[in-house]
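# Structural description and commentary
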Amino acid sequence: MILFYQIGILFFYLGVVIASLFNRKAKLFVAGRKNIFKTIADCLVSIPSGQLPTADWIWFHCSSLGEFEQARPLIEKYKVQSTKYKVVITFFSPSGYEIRKNYDGADLICYLPLDTKANAKKFISLLNPSQVFFVKYDFWFNFLNELHDRKIPTYLVSANFREEQFKGIYGNYLRRVLKFFTRIFVQNETSQKILSANGIPEAMVAGDLRFDRVAQTVSNPKKIPIVETFASSPNPSPAGEGSMSRCKVMVCGSTWSKDEGIISNFKLQTSNFKLIIAPHEISESHIQSIIQLFNHSTILLFSEISKEPVSSAMEKLKAANILLIDNIGMLSSLYQYADVAYIGGGFGAGIHNILEAVAFGVPVIFGPKHDKFPEAKELTEQGGGFSITDEKELERAMTLLLSDEKILKMASMVCKNFVMQRRGAAEKIADAVG
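Okay, so let's go over this structure. (Residues numbered from 1 in each chain as written. Predicted model: local features only at pLDDT ≥ 70, side-chain atom pairs only at ≥ 80, totals over all residues. Heavy atoms only, no water.)

## Notes on the sheet that holds strand β12 (residues 340-343)
If you walk across this open sheet you meet the seven strands as β10-β11-β9-β8-β12-β13-β14, and the pairing is parallel. With partners counted over all chains shown, the strands left at the sheet margins are β10 (299-301) and β14 (385-387), one partner each. Pairwise comparison of adjacent strand axes, ignoring direction, gives a mean angle of 20° for this sheet. With seven bridges connecting them, strand β8 (residues 248-255) and strand β9 (residues 273-279) associate as parallel partners. Its bridge partner being in β9, cysteine 252 is matched across the sheet by isoleucine 277. (Pairing = 2+ DSSP bridges. Helix = DSSP H or I, 4+ residues; strand = E, 2+ residues; numbered from the N terminus. Axes fitted to C-alpha atoms, helices over the stretch in contact; angles between N-to-C directions.)

Spelled out as structure tokens, the structure:
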């Protein structure tokens, strides 16, 4: 099985190289790994030791941006709150590296080299980490095997497992590779029991680092004046009449075409709330398709309105009822301006992160594909989450939340408490590893 894995890695890389000729993400994947060992070696030599001549290197590996954001509270415990450690962060995906390559909470940020035996030996020899953390998943056999052989403490954090993952060929691989970890920190008791049943006893329930991260965001949210002006302005009725008090705001995060179609059908029937849409895909063609969906509404593009003089921007923001966010990196801060949030992905592979909204006390609406997200089920049962299957159910959920202030406040309190009661994973993990 491992022989097929080694061959598969090489074929995977060959496929990416071919794809890089016409795909930007694949091109970044290949280019980012060129001369990577020289880059790492030069970086290690150039970092001044200062008062830390014996500093230990702690290595965090994150598949992409979501895993990095999840791990930030733990990373910052090592980097910000201690002078004993230096931190290196590796990414597998360009989606994580390109956005966070300038993060100032690490001493070195780079791509993870391709998972071959030679690369694993060379990378680990260069870095010689004293501790290693893999976040949630990304189980690279050669790297983990090499760390295990060198007896370097290696931890899996914020992991979550399902029974079906341990079936078939992949299940055999998973059982083998998980035994390389010194200890596994899981999100819940269900995952702990699943691991134990599959012969992996070194698991501790520490909780989900995402709760720590979203609580951090809420404690010091980034203010966005353009969004604040839009959200605090009254929503003009089509006839120019009606109440001039602040209108309710729904933030739609990480939406896909199916989500946007359902939202547009509902929005075009009512004007009693404003929309902020931050789609998952921000290509020009997709942005234009969203504009066409809402063709009877006044839509502003964030990239365009942010270039306007303040006076004219203010007037346009007051007149608009939809603000379309055509950039990446703002979503977690947008939810502070929401009364209700719609989280995309539930009509595709699965919903995106609902906790960024929930942490601000914002009730969340999402599509039916959320079986792999226990927090969605719990919030639905408690009254802070609302699962929908079509436009009519979206209308029912929105009517319930926006027509009764008591229900909205109750749902908001459920969401706030949901996050506050589940913080502390970073503290538990740091205490356990010493």
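Moving on from the model shown.
## What to know about the sheet that holds strand β1 (residues 56-62)
Strand order in the open sheet formed by seven strands is β3-β2-β1-β4-β5-β6-β7, and the pairing between neighbours is parallel. At either end of the open sheet lies a strand with only one pairing partner, and these are β3 (108-111) and β7 (203-205). In this sheet, neighbouring strand axes are inclined to one another by 20° on average, regardless of whether the strands run parallel or antiparallel. Examined bridge by bridge, strand β2 (residues 85-91) and β3 share four bridges and lie parallel to one another. Across the sheet, residue phenylalanine 91 finds its bridge partner in β3, namely tyrosine 111. Lying over the sheet, helix α6 (residues 117-127) contacts β1, β2 and β3, oriented at roughly 140° with respect to β1. (Contact = heavy atoms within 4.5 Å.)

## Some thoughts on the environment of lysine 77
Summarising the element assignment, lysine 77 is placed in helix α4 (residues 65-79). In sequence terms lysine 77 and isoleucine 99 are 22 residues apart; their C-alpha atoms lie 21 Å from each other.

## Some thoughts on the pairing of β2
For β2, a buried count of seven out of seven residues is recorded, marking the element as mostly surrounded by other parts of the structure. Neither face of β2 is open: one carries Tyr85, Val87, Ile89 and Phe91, the other Lys86, Val88 and Thr90, and all of them are buried. For the crossover that starts at β2, traverses helix α5 (residues 94-100) and ends in the parallel β3, the hand is right-handed. (Buried < 20%, exposed > 50% of the residue type's maximum accessible area, 1.4 Å probe, protein only. Right-handed = clockwise from strand over helix to strand, strands pointing away.)

## Here's the deal with the packing of α4 against helix α21 (residues 425-433)
Put simply, α4 and α21 touch, their axes get as near as 9 Å, and they point 50° apart. Judged on the interaxial angle alone, α21 and α4 are oblique. The way α4 lies across α21 gives a crossing that is right-handed. Residues Pro73, Leu74, Lys77 and Tyr78 of α4 touch α21, and the partners they reach there are Ala426, Glu427, Ile429, Ala430 and Val433. Partitioning the contact of α4 with α21 into residue classes produces seven nonpolar, no polar and two charged. (Parallel < 35°, antiparallel > 145°, perpendicular 65-115°, else oblique. Left-handed = near helix turned anticlockwise from the far one by under 90°. Nonpolar A, V, L, I, M, F, W, Y, C, P; charged D, E, K, R; others polar.)

## Considering α21
A turn of α-helix holds 3.6 residues, and therefore any two residues three or four places apart point the same way. All buried positions along α21 are accounted for by Ala425, Ala426, Ile429, Ala430 and Val433. In a view along the axis of α21, the buried residues occupy a sector of 125°, so they form one face of it. Where α21 is buried, its residues contact α4, β4 (131-135), β5 (154-159), β6 (183-186) and α10 (209-219). One or two residues past the end of α21 sits glycine 434, with phi positive at roughly 80°. (Arc of directions from axis to C-beta.)

## As for helix α19 (residues 391-403)
The first and last C-alpha atoms of α19 sit 18 Å apart over 13 residues, in line with the 18 Å expected at 1.5 Å per residue. Taken together, the buried positions of α19 are occupied by Leu394, Ala397, Met398 and Leu401. For α19, the buried positions fall inside an angular range of 95° around the axis, keeping them on one side. Turned more than 90 degrees away from the buried face of α19 sit Lys392, Arg396 and Ser403, all of them exposed. (Expected span 1.5 Å × (residues − 1).)

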